[in-house]
Amino acid sequence: SNIKGFQNSLTKGASEFKVLARDNDGLPLAIEGKQKNADSNRGMSVEAKASAYLQSISSLLNKIDVSNDFVVANINVDDNGEQHIRMNQYWNGIQVYGSEIILHTDGNDIHFMNGRYAKTPSSSLPLNPVVVNNQSSLICKNDLGATNKESFTIGNNTIQTDKSSLVYYKDEADQFHLCYHHTIY
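In short, a report on the structure. (Residues numbered from 1 in each chain as written. Predicted model: local features only at pLDDT ≥ 70, side-chain atom pairs only at ≥ 80, totals over all residues. Heavy atoms only, no water.)

1. Description of the overall build of the chain
- Looking only at helices and strands, the chain features 3 helices and 12 strands.
- Within the chain, buried positions represent 33% of all 185 residues.
- Approximately 10800 Å² of the chain is accessible, and the part contributed by carbon and sulfur atoms is 46%. (Helix = DSSP H or I, 4+ residues; strand = E, 2+ residues; numbered from the N terminus. Buried < 20%, exposed > 50% of the residue type's maximum accessible area, 1.4 Å probe, protein only. Areas by Shrake-Rupley, 256 points an atom, 1.4 Å probe, with all protein chains shown as cover.)

Here it is as structure tokens:
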């Protein structure tokens, strides 16, 4: 396992946050604890609550720009009425592949964070991919032997055969590259 299960804590005001697990790079995988002023956040939107929580644990997140890096992707409500706020990480407005955190509520307050993310880079990242989208799509389709049809229909649903998005991808050498992520049917 690449999880190091040791604890750190941060006292912020009178509230304590505990890091329950870290990855091999030392980034927290799980943090528990409520904000001291959580009750004053109850009238806020989910996005504002999430931002306030991330700000309160920012010193534990190791060089993450919490005000700019994370965007709410979706909010799930479980059978107990608790919210699970899934947030994706972005740099330069481009999603970081495989980087997401989930904030969990207990009652109306966020009390737990888990997920994987990347440190905000200290140097500039590329803004233009080396290969353009249509070239990368053809390369993928040729490698997979996929059809060149743009869509197909199942019942009343039309399915696009190639969904792509521009992402930052971290390779085995911990270097980030700007590339296209394709889902091909």
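Read on, since the account is not over.
2. What to know about helix H3 (residues 133–144)
- The terminal C-alpha atoms of H3, which comprises 12 residues, lie 16 Å apart, in line with the 16 Å expected from a rise of 1.5 Å per residue.
- Within H3 the residues assigned to the buried category are Ser136, Ser137 and Lys141. In an axial view of H3, the angular spread of the buried residues amounts to 130°, which keeps them on one side of the axis. Structural note: H3 exposes Asn142 and Asp143 on the side pointing more than 90 degrees away from its buried face. (Expected span 1.5 Å × (residues − 1). Arc of directions from axis to C-beta.)

3. Focus on the nonpolar core
- Counting 21 residues, the largest nonpolar core has Ile31, Leu54, Ile57, Leu61, Met87, Leu103 and Met113 as the members making the most contacts within it.
- Of all elements in the fold, only strand S3 (15–23), helix H1 (46–56), strand S6 (83–91), strand S7 (94–106) and strand S8 (109–116) reach the threshold of two or more residues within this core.
- In terms of residues, this core owes the most to one element, H1, which gives 4 residues.
- Excluding residues within four positions of it along the chain, leucine 61 makes contact with Leu27, Pro28, Ile31, Leu54, Val66, Met113 and Tyr117.
- Within the second largest apolar cluster, 8 residues are counted, among which are Val96, Leu125, Tyr168 and Leu178. (Core = buried A, V, L, I, M, F, W, Y, C linked by side-chain atoms within 4.5 Å. Contact = heavy atoms within 4.5 Å.)

4. Regarding empty space enclosed by the protein
- Going through the model one piece at a time under the given rule, you end up with 1 cavity of 30 Å³ or more.
- Its boundaries defined by the atoms lining it, the largest cavity holds a volume of some 50 Å³.
- Taken together, Gln35, Ala38, Asn41, Arg42, Lys49, Tyr53, Asn108, Asp109 and Ile110 make up the lining of the largest cavity.
- Broken down by secondary-structure element, the contributors of at least two residues to the lining of the largest cavity are H1 and S8. (1 Å grid on protein atoms, 1.4 Å probe; cavity = no way out; pocket = protein on both sides within 12 Å on 5 of 7 lines; lining within 4 Å. Points joined across faces, edges and corners; volume = space filled by probe spheres on them.)

5. A word on a nonpolar patch on the surface
- There is a patch of nonpolar side chains on the surface, built from Val130, Val131 and Ile139 and spanning about 290 Å² of accessible area.
- Assignment of secondary structure puts valine 131 in the loop between S8 and H3. (Patch = residues over 30% accessible without salt bridge, like charges linked within 9 Å, V, L, I, M, F, W, Y side chains within 5 Å. Salt bridge = Lys/Arg side-chain N within 4 Å of Asp/Glu carboxyl O.)

6. Some words on the pattern of salt bridges
- Going through the model one piece at a time under the given rule, you end up with 5 salt bridges.
- Two residues, arginine 86 and glutamate 100, come together in a salt bridge whose shortest N-O distance is 2.7 Å. With arginine 86 in strand S6 and glutamate 100 in strand S7, the pair connects residues that are 14 residues apart, well separated along the chain.
- Judged by its relative accessible area of 26%, arginine 86 is partly exposed.
- In this structure, lysine 170 and aspartate 174 form a salt bridge, with 3.5 Å as the shortest nitrogen-oxygen distance.
- Since its relative accessible area comes to 43%, aspartate 174 is described here as partly exposed.
- Salt bridges sharing common partners tie together Asp25, Lys170 and Asp174.

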